Amino acid sequence: MTEDNTAPIIEFSNVAKRFGPLTVLDDFNFTVRKGEKVTLIGPSGSGKSTVLRILMTLEPFQDGRLTLSGMSYHEPNGKGPFKASERHLRQIRTHVGMVFQSFNLFPHMTVLRNVVEAPLRVLGIARAEAECRALQLLDMVGLADKKDFYPSQLSGGQQQRVAIARALAMRPRVLLFDEPTSALDPQLVGEVLSVIRGLAHEHDLTMLLVTHEMRFAREVSDRVCFFDKGRICEQGAPDEIFGAPREARTREFLSSVLA
Amino acid sequence: MMYGYEWDTTTWLTYTTSILPIILIGLTVTLKAAAAGFAIALVLGLAFALLRRSRLIAISWTTAVIVEFLRDTPLLVQLFFLYYVLPEFGIVLPAFLTGALALGLQYAAYTSEVYRGGIEAVARGQWEAATALNLTRMQAYRDIIIPQAIPRIVPAMGNYLVAMIKETPVLSVVTVMEMMGLANMIGERTFEYLVPLTLVGLIFLLLTLICSAGLHRLQKALPKAGIPLR
Ligand SMILES: Nc1ncnc2c1ncn2[C@@H]1O[C@H](COP(=O)(O)OP(=O)(O)OP(=O)(O)O)[C@@H](O)[C@H]1O
Ligand SMILES: [Mg+2]
């Protein structure tokens, strides 16, 4: 909408990522604009999760340059696998949040505590305020009445909605979703997708979503990127990718998943 | 303190009742030593486990060497070392403290492995979630990882507590007057060892049984998912 929204918030330039001898990303280039909703699709092992995990600083990368809001992940004299100090990585993490396929809620904490913990410890927000905001978020995902439950007492869909509220409580500018519905029973997928759909309307929030829910991808994203062997083989507006894919690999993949 | 006593060795019953008060005094020393030793082992063992997992190789390696050394040398050697060698460096500790420290050090090496196993058994996704929420490594340990490790480590910790209680008699060699040392001294004076040693053995058996039962209940009472530490 605003001019600001056309500025790139994420920029991968010639990034290389290797796991030992295995090269997962090679000369990888990828730009995301502020507020954009981008879906990553592609076959298993093509590097979709790796891209999100690098952005979340869960995985280091070896070569090239990655910036978030202009801030480089690698520091000029950065040491260790991340080529950056812990302090610098924490600075980056203040802008990014992630929702995992397996939810990764903290099983020993109630739903409310799961959501409140990081704002309390990391952002230093007062408890009353943190709880108030957590309840708003839980209300938004439809689970305010479950605030005193433990994760094990919730269904998978409910757990994933709590995980989304927990990620949002840190007020990220970029929210990453790695197959958020893949671990769910089919009848629970809808409730999670509808929460994500709601977020897609927040136009300051940049979203990267890895999913196999093609219809959903088409509906919520501004752009779809088809990954193949560590490269973006084809990208474009959802109607282009799903309606008239140019690359043979894309057509092949889509026909296999839509079949 | 024993010179004033005359022990009535006419029957095993009179003998037992006459030495019981002094054995019970020894029991309190035994319990205090075990409690202090175990407290040291719990705290220091955690420190060892965390240092051993440090990303700085110099730290993790040094810790590994220390732990390995403590584990692989006899408690008696460590005890004598603390008792006779430390004073040469001007560090003079009361015998009781020296004993508790020796027990604590050796068992810290054991408990550190228990902690390490418990910590490593926590799902990797928990670390990833903690990182994604921007918790520091220390916060992740304290609020997320260790609370989930606790229910898993309680059984092994309990076994070490029982083992440690049974090792307290070794402290008598550095003049700590715990139960076993007292029983031995009584025997030396009366030339009747059977009753005092049996009595001490039975008390140890009772202690061990009580501990095991208590641990069993604790284990059942702990929530499996973990307990928040704050
Ligand atoms: N920790 C790791 N160690 C070694 N290889 C890894 C590791 N993580 C990922 N890989 C490899 O990197 C490649 C890309 O993995 P990635 O998880 O990014 O794929 P993906 O596109 O998310 O696939 P999927 O749809 O199965 O989730 C795969 O070949 C995978 O085996
Ligand atoms: Mg993946």
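Residues numbered from 1 in each chain as written. Chains lettered and ligands numbered in written order. Predicted model: local features only at pLDDT ≥ 70, side-chain atom pairs only at ≥ 80, totals over all residues. Heavy atoms only, no water.

- Looking at an unreviewed UniProt entry, one finds chain B named Ectoine/hydroxyectoine ABC transporter permease subunit EhuD, with Shinella sumterensis as its source organism.

- As annotated in an unreviewed UniProt entry, chain A carries the name Ectoine/hydroxyectoine ABC transporter ATP-binding protein EhuA and comes from Shinella sumterensis.
- Per UniProt, chain A carries the Subcellular location (unreviewed entry) text "Cell membrane".
- Quoted verbatim from the Sequence similarities (unreviewed entry) field of the UniProt record, the comment on chain A reads "Belongs to the ABC transporter superfamily." (UniProt positions renumbered as here; feature names shortened; annotations may be inferred.)

**A few points about the pairing of strand β2 (residues 22-33) of chain A**
Line of reasoning, step 1. Note: strand β1 (residues 8-19) of chain A against β2(A), 8 bridges, orientation antiparallel. Counted as the bridge partner of A:Pro8 is A:Arg33 from β2(A). (Pairing = 2+ DSSP bridges. Helix = DSSP H or I, 4+ residues; strand = E, 2+ residues; numbered from the N terminus.)

**As for the nonpolar core**
Line of reasoning, step 1. Among the nonpolar cores identified, the biggest contains 56 residues, and A:Ile10, A:Phe12 and A:Phe30 are the most heavily contacted of them.
Line of reasoning, step 2. The element best represented in this core is helix α6 (residues 137-167) of chain B, accounting for 8 residues.
Line of reasoning, step 3. The residues contacting A:Phe12, other than those within four sequence positions of it, are A:Phe28, A:Asn29, A:Phe30, A:Val51, A:Ile54, A:Leu55, A:Arg65 and A:Leu66.
Line of reasoning, step 4. Residues B:Ala33, B:Phe38, B:Val176 and B:Ile186 belong to the second largest nonpolar core, which totals 43 residues. (Core = buried A, V, L, I, M, F, W, Y, C linked by side-chain atoms within 4.5 Å. Buried < 20%, exposed > 50% of the residue type's maximum accessible area, 1.4 Å probe, protein only. Contact = heavy atoms within 4.5 Å.)

**Overview of the sheet that holds strand β5 (residues 71-72) of chain A**
Residue and element names in this part refer to chain A.
Line of reasoning, step 1. If you walk across this open sheet you meet the 4 strands as β2-β1-β4-β5, and the pairing is antiparallel. Whereas interior strands pair on both sides, the edge strands pair on one side only; in this sheet they are β2 and β5.
Line of reasoning, step 2. Of the strand pairs in this sheet, β1 and strand β4 (residues 63-68) are connected by 5 bridges, and their pairing is antiparallel. The residue bridging Ser 13 from the neighbouring strand is Arg 65, located in β4.
Line of reasoning, step 3. The strands touched by helix α1 (residues 48-55) are β1, β2 and β4; relative to β1, the strand with the most contacts, the crossing angle is about 115°. (Axes fitted to C-alpha atoms, helices over the stretch in contact; angles between N-to-C directions.)

**Description of the side chain of A:Glu234**
Residues and elements named next belong to chain A.
Line of reasoning, step 1. Relative to the elements of secondary structure, Glu 234 occurs in strand β10 (residues 231-236).
Line of reasoning, step 2. By relative accessible area, Glu 234 is classed as buried at 3%.
Line of reasoning, step 3. Only 2.7 Å separates the side chain of Glu 234 from the side chain of Thr 250, close enough to count as a polar contact.
Line of reasoning, step 4. Discounting chain neighbours no more than four positions away, the residues touching Glu 234 are Val 224, Cys 225, Phe 226, Ile 241, Ala 244, Pro 245, Arg 246, Glu 247 and Thr 250. (Polar contact = N/O pair within 3.5 Å; in protein donor to acceptor, adjacent residues only side chain to side chain.)

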